[in-house]
Amino acid sequence: MNKAAAEAIEGFAERIDRNLFSGEMEKNALSDLLLMSGADSICLIVLHKTSGDEAKVYSCDSSGFRSETVSAAHFRKRFSFSISSALSGAGARIPGTSNDPAERIFVRDTTGVRLIAIVRNIRRPDFLTDDVLSLAMSIVGLALHARYAVLDNAEATLRKIAESDHRIKGVLSSIRTAVEMLISEDLTTEEELQLKRLARAGVFELADIVENIAGSSKAGNRQKIKAAGRTRRTARR
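Just so it is clear, the model here is predicted, and its values are computed rather than measured.

Reading the values: rules and limits
Residues numbered from 1 in each chain as written. Predicted model: local features only at pLDDT ≥ 70, side-chain atom pairs only at ≥ 80, totals over all residues. Heavy atoms only, no water. Phe/Tyr/Trp six-rings, centres within 6.5 Å; stacked < 30°, edge-to-face > 60°. Helix = DSSP H or I, 4+ residues; strand = E, 2+ residues; numbered from the N terminus. Buried < 20%, exposed > 50% of the residue type's maximum accessible area, 1.4 Å probe, protein only. Pairing = 2+ DSSP bridges. Axes fitted to C-alpha atoms, helices over the stretch in contact; angles between N-to-C directions. Contact = heavy atoms within 4.5 Å.

Regarding the packing of aromatic side chains
Here's step 1: With the rule as written, the count across this model stands at four aromatic pairs.
Here's step 2: Relative to Phe79, the ring of Phe75 lies with its centre 4.8 Å away and its plane at 45 degrees, an arrangement referred to as tilted. Placement of both Phe75 and Phe79 in helix α3 (residues 72-79) is noted, with a separation of four residues, approximately one turn of the helix.
Here's step 3: Using a relative accessible area of 0% as the deciding quantity, one classes Phe75 as buried.
Here's step 4: We classify Phe79 as buried; its relative accessible area is 11%.
Here's step 5: Each ring, one from Phe75 and one from Phe81, has its centre 5.5 Å from the other, and the planes form 85 degrees; the classification is edge-to-face. Side by side, Phe75 and Phe81 carry an identical accessibility label, which is buried.
Here's step 6: The rings of Phe75, Phe79 and Phe81 are connected pair by pair, giving a single aromatic cluster.

Here it is, written out as C-alpha cells:
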C-alpha cells in the first residue's frame, strides 16, 4: 500500500470512529471511498446473516447519498442476485467479480453481518487496490459490529429498566408507607422497630436495583470504547 493510500485510510478510519453513532457513518464512509477511487458510484449492502428477507443498502454517487431498506424481491430485481445467494458460501455466486479493474464487487464478513461493496467505473484503480478496499471494508465492518453490539446492549438496558420499574414503584411505596407511619402513628416500641427494618430493607433493595441498571450502562460504554480502539488500531496497521 502506498503512502498516500495509507494516509487516506487512516483519515477514513478516524471519520468512521468519529461518526459511529451520529447516523453519518455510512454517508462519510462512502463519500471517502468515492473520493479515494474516483469512481462514479459506490454501494454498500449490509446483510444480517440471521435474516434473508431484507437488506440495508447505502449508495453514493454524483447525485448524493441514499439509505434504504430493500425487500428480498426488490433486491433481486435491482442487483440481479438474491439475498440468500449473497449470504451463502464465500460470495462466489455474486456476479460482477470479474477482472475488470474499473468495476469491483468486494465481500467482507464480520460478526453476524456480511458486507458487499459495489464500486463502479473506478478511475484510480492504482489507488483503490484490493488491499485498500479490503482494509476499508474491515474498518466499516468493525464499526458496524461495534454499533450493533452497543445498541443491543442499550436495548437490553432499557428492557431491564422497564422490568425494574414495577419493582422500584413497589419498593418506594413500601418505604413511603413505613416512613409516614413512623412520623404520624402512635406506635409501640416493637411496631416502630418493625417499620424501621421495613424501610431499611426497602432502601437496600432500591440501591440494588439502581446498581444493576448502572452496571448495564457501564458495560455498554466499555464496549463502545473498546470498539473505537479497535478501529484506530486497524487504521494504523
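What follows picks up the thread again.
Let's talk about the sheet that holds strand β2 (residues 54-61)
Here's step 1: Read across the open sheet, the five strands follow the order β3-β2-β1-β5-β4; overall the sheet is antiparallel. With partners counted over all chains shown, the strands left at the sheet margins are β3 (64-71) and β4 (104-110), one partner each. For this sheet, the mean angle separating the axes of adjacent strands, direction not counted, is 15 degrees.
Here's step 2: In this structure, strand β1 (residues 41-48) lies alongside strand β5 (residues 113-120), joined through eight bridges in antiparallel fashion. Each residue of the ladder has a partner; that of Ser41, found in β5, is Arg120.
Here's step 3: Along the sheet, helix α2 (residues 25-37) contacts β1, β2, β3 and β5; its crossing angle with β2, the most-contacted strand, is approximately 45 degrees.

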